Amino acid sequence: MWRKIPLALVGLTIGSILTVIGFIAYGIGNSTLNLAGFFYGIPLLLGGLALKAAELKPIPFAQETTPEVVVLRKEKATDTQNQLRNDVTRYRYGQEAHLDEALQRLGLSPADDQRPILTKIKEDNINGNYALILFFDSPLISFDIWQEKQEKITKFFGPNITAEVTKNNDSEIQLSLITV
């Protein structure tokens, strides 16, 4: 549940409440409450605004994960797959895009404006193995380059994972990370 509440919203809410209390206390002459409202409320409000500006929203699931796949995930998913799924499905702060560092290390992000954008994920059962499927909008990185990097992607996200790259349409690339 807590993974679904953005930290920026918490800072903005508490900061706003304390700041308003500080202004009201100032108006009625309550100096102790006034100081607490100003000294805690305004910094929290500004911190919440800063977090909101640097917020990266969670990636949605393409479809709901079936109970069968959840059981398969518990049995066969690697630590890398679990960490990847958890990282992209929660609020992140201070990053420009999900998996930006991984894409850069794989040579799939030569510049920020050319970086493929992760748009959704999906969990599936592929031949009895757990698969975490990542969907990228990649209009500037060709499918041929993705295919050339397939072995490097397998090594990067491994061990015990094989990567399969497929093209869904003009710019959507599907990266399947399948346990072996």
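Just above, that's the structure.
Predicted, not measured: the structure shown is a model, and the values here were computed from it.

Procedures and definitions
- Residues numbered from 1 in each chain as written.
- Predicted model: local features only at pLDDT ≥ 70, side-chain atom pairs only at ≥ 80, totals over all residues.
- Heavy atoms only, no water.
- Pairing = 2+ DSSP bridges.
- Helix = DSSP H or I, 4+ residues; strand = E, 2+ residues; numbered from the N terminus.
- Axes fitted to C-alpha atoms, helices over the stretch in contact; angles between N-to-C directions.
- Contact = heavy atoms within 4.5 Å.
- Salt bridge = Lys/Arg side-chain N within 4 Å of Asp/Glu carboxyl O.
- Buried < 20%, exposed > 50% of the residue type's maximum accessible area, 1.4 Å probe, protein only.
- Phe/Tyr/Trp six-rings, centres within 6.5 Å; stacked < 30°, edge-to-face > 60°.
- Arc of directions from axis to C-beta.
- Parallel < 35°, antiparallel > 145°, perpendicular 65-115°, else oblique.
- Left-handed = near helix turned anticlockwise from the far one by under 90°.
- Nonpolar A, V, L, I, M, F, W, Y, C, P; charged D, E, K, R; others polar.

J.: Explain the sheet that holds strand E6 (residues 172–179) here, please?
T.: By definition, the strands of a sheet pair up through backbone hydrogen bonds, in either a parallel or an antiparallel sense. Taking strand neighbours across the sheet as the criterion, the 4 strands line up as E3-E4-E6-E5 in an open arrangement whose pairing is antiparallel. The open sheet has two edge strands, strand E3 (117–126) and strand E5 (161–167), and neither has a second partner. With strand direction ignored, the average angle separating the axes of adjacent strands in the sheet is 20°. The pairing of strand E4 (residues 129–137) with E6 spans 7 bridges and is antiparallel. Counted as the bridge partner of Leu132 is Leu177 from E6. Contacts from helix H7 (residues 150–157) reach E5 and E6 within the one sheet, and its direction differs from that of E5 by about 140°.

J.: Mind showing me how you'd approach the pattern of salt bridges here?
T.: Note that side chains of opposite charge can pair when their charged atoms are close. Applying the stated criterion to the full structure yields 9 salt bridges. Ionic pairing is found between Asp87 and Arg92, a salt bridge with its closest N-O pair at 3.4 Å. One salt-bridge network, in which partners are shared between bridges, spans Lys52, Glu55 and Lys57.

J.: Explanation requested: the environment of Val70 in the structure shown.
T.: Relative to the helices and strands, Val70 is located in helix H3 (residues 67–76). Of the residues examined, Val70 reaches a relative accessible area of 23% and is grouped as partly exposed. For the pair Val70 and Asn82, spaced 12 residues apart in the sequence, the C-alpha separation amounts to 11 Å.

J.: Looking at this model, I keep getting lost on the packing of aromatic side chains. Mind explaining?
T.: How two aromatic rings sit relative to each other is given by the distance of their centres and the angle of their planes. Scanning all chains against the criterion turns up 4 aromatic pairs. An angle of 80° between the planes, with centres 5.0 Å apart, marks the rings of Phe23 and Phe38 as edge-to-face. Note that Phe23 is positioned in helix H1 (residues 7–28) and Phe38 in helix H2 (residues 31–53), a separation of 15 residues in sequence. Its relative accessible area of 52% is what places Phe23 among the exposed residues. With a centroid separation of 6.5 Å and an interplanar angle of 50°, the aromatic rings of Tyr26 and Phe38 are classed as tilted. Separated by 12 residues along the polypeptide, Tyr26 in helix H1 and Phe38 in helix H2 bring together distant segments of the chain. For Tyr26, a relative accessible area of 58% gives the class exposed.

J.: Sorry, what's going on with unusual backbone geometry here?
T.: Among all residues except glycine, the phi angle is most often negative; among peptide bonds, the trans geometry is most common. Omega for the peptide link from Gly158 to Pro159 comes to 5°, which places this bond in the cis form. A positive phi is found at Asn127, a non-glycine position, where the angle reads about 55°. Inspection of the secondary structure assignment puts Asn127 in the loop between E3 and E4. Classification of Asn127 by relative accessible area gives exposed; the value is 76%. With a phi close to 65°, Asn160 is a non-glycine residue in the positive phi region. With respect to the helices, strands and loops of the structure, Asn160 is situated in the loop between H7 and E5. Of the residues examined, Asn160 reaches a relative accessible area of 48% and is grouped as partly exposed.

J.: Sorry, what's going on with helix H4 (residues 79–88) here?
T.: What sets the pattern is the α-helix's 3.6 residues per turn: residues three or four places apart point alike. Along H4, the positions that sit buried rather than exposed are Gln81, Asn82, Leu84, Arg85 and Val88. Burial along H4 is one-sided: seen end-on, the buried residues are contained in an arc of 165°. Along H4, the residues that are exposed and aim more than 90 degrees away from the buried face are Asp79 and Gln83. As for H4, its buried residues are in contact with H3, E3, E4, H7, E5 and E6.

J.: How should the packing of H1 against H2 be read in this particular structure?
T.: A packed helix pair is summarised by two numbers, namely the angle formed by the two axes and the spacing between the axes. Look at H1 against H2: their axes get within 6 Å of each other, and the N-to-C directions meet at 150°. One way to sum up the angle between H1 and H2 is to call them roughly antiparallel. Handedness of the crossing formed by H1 with H2: left-handed. Of the residues in the contact of H1 with H2, the class split is 17 nonpolar, 9 polar and 1 charged.

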